[in-house]
Amino acid sequence: MCIITIAKIVNKIKIFLMELLWPIHCLNCGQEGFILCPSCQKDIKKRQHLACPRCGKLSTYGAVCPTCCHKIHIDGLIFYADYQQNLIKGLIGYWKYKYVKPAGELIIDLLIQDLEYFVKDDEFLPFGNQKEILIIPVPIHKKKYLKRGFNQSEIIANAIGKKFNWPIAASIIERVKNTDSQTKLNKEARKQNIANAFRIKDASALKNKNILLVDDVYTSGATTEELAKNIKKYTSEKIWVIVFAKQNFS
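Treat the numbers as computed from the prediction; the structure is a model and nothing was measured.

What follows is about the packing of helix α4 (residues 101-115) against helix α6 (residues 152-164). For any two helices packed against each other, the geometry is given by the interaxial angle and the distance between the axes. At their nearest, the axes of α4 and α6 sit 10 Å apart, and the two run at 40 degrees to each other. Overall, the two elements α4 and α6 adopt an arrangement that is oblique. By crossing handedness, the relation of α4 to α6 is classed as right-handed. Residue-level inspection shows Ile107, Ile108, Leu111, Ile112 and Leu115 of α4 in contact with α6, the latter providing Ile155, Ile156, Ala159, Ile160, Lys163 and Phe164. Partitioning the contact of α4 with α6 into residue classes produces 10 nonpolar, no polar and one charged.

In this structure the tally under the stated criterion is nine aromatic pairs. A ring pair is formed by phenylalanine 124 and tryptophan 166, whose centres lie 5.9 Å apart and whose planes are at 80 degrees; its orientation type is edge-to-face. Residue phenylalanine 124 is located in strand β3 (residues 123-124), and its partner tryptophan 166 is located in the loop between α6 and β5 (173-175); the two are separated by 42 residues in the primary sequence. Given the relative accessible area of 1%, phenylalanine 124 is considered buried. What makes tryptophan 166 buried here is its relative accessible area of 7%. An aromatic cluster is defined as three or more aromatic residues linked by ring pairs; in this entry it consists of Phe124, Phe127, Phe164, Trp166 and Trp240.

About the criteria used
- Residues numbered from 1 in each chain as written.
- Predicted model: local features only at pLDDT ≥ 70, side-chain atom pairs only at ≥ 80, totals over all residues.
- Heavy atoms only, no water.
- Axes fitted to C-alpha atoms, helices over the stretch in contact; angles between N-to-C directions.
- Helix = DSSP H or I, 4+ residues; strand = E, 2+ residues; numbered from the N terminus.
- Parallel < 35°, antiparallel > 145°, perpendicular 65-115°, else oblique.
- Left-handed = near helix turned anticlockwise from the far one by under 90°.
- Contact = heavy atoms within 4.5 Å.
- Nonpolar A, V, L, I, M, F, W, Y, C, P; charged D, E, K, R; others polar.
- Phe/Tyr/Trp six-rings, centres within 6.5 Å; stacked < 30°, edge-to-face > 60°.
- Buried < 20%, exposed > 50% of the residue type's maximum accessible area, 1.4 Å probe, protein only.

In structure tokens form, the structure reads like this:
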């Protein structure tokens, strides 16, 4: 039994014991049985518009604008809500760091409901009628996976792929650099921190594919930009990013 499988089993046991010993309560009002009760879910403010992820200019579906398209490697960004909201921060934090499974389930439900607007007749509208779609979750380093027991980006990606019948490739890119936390770093330091963090294991799988990079939070864009820069070496098609929350970052 490989060490990754053992980590998954340990995580499931951990979640089971936590749910047994500490029943969940609504993050907002304290009602038992919900991570966020139906009434308090209405307090979440969904994003009002989508814009170019580099300059913030309003754009269709969140596409990178013509001015910025030669300056970054992604082609667009779709997100559900602003990270600055306390309820959004709470859901993400409870899932990633306190291993509260219902928080992740709600995040996925909200994001998929939103993505249905961008999908028509099994086509992802920003890609037009191009069918060759491949979902890639942002990978985490093996040490972080062993500590946490799961990659939240991979769980979100699997749910999106299952819902829309799009293939997922979670193992063709590996995170080879166990980077420092990006939280307290400025934009330039984030770029340096994430540089050379990824390795393409199967370049042939990327050929002629439109890529959907999936993560939980988009902050400075350094991580997805580093990934996209590597992916663009092997496909000339589009690369879009889908996340649950976007954090304003300067």
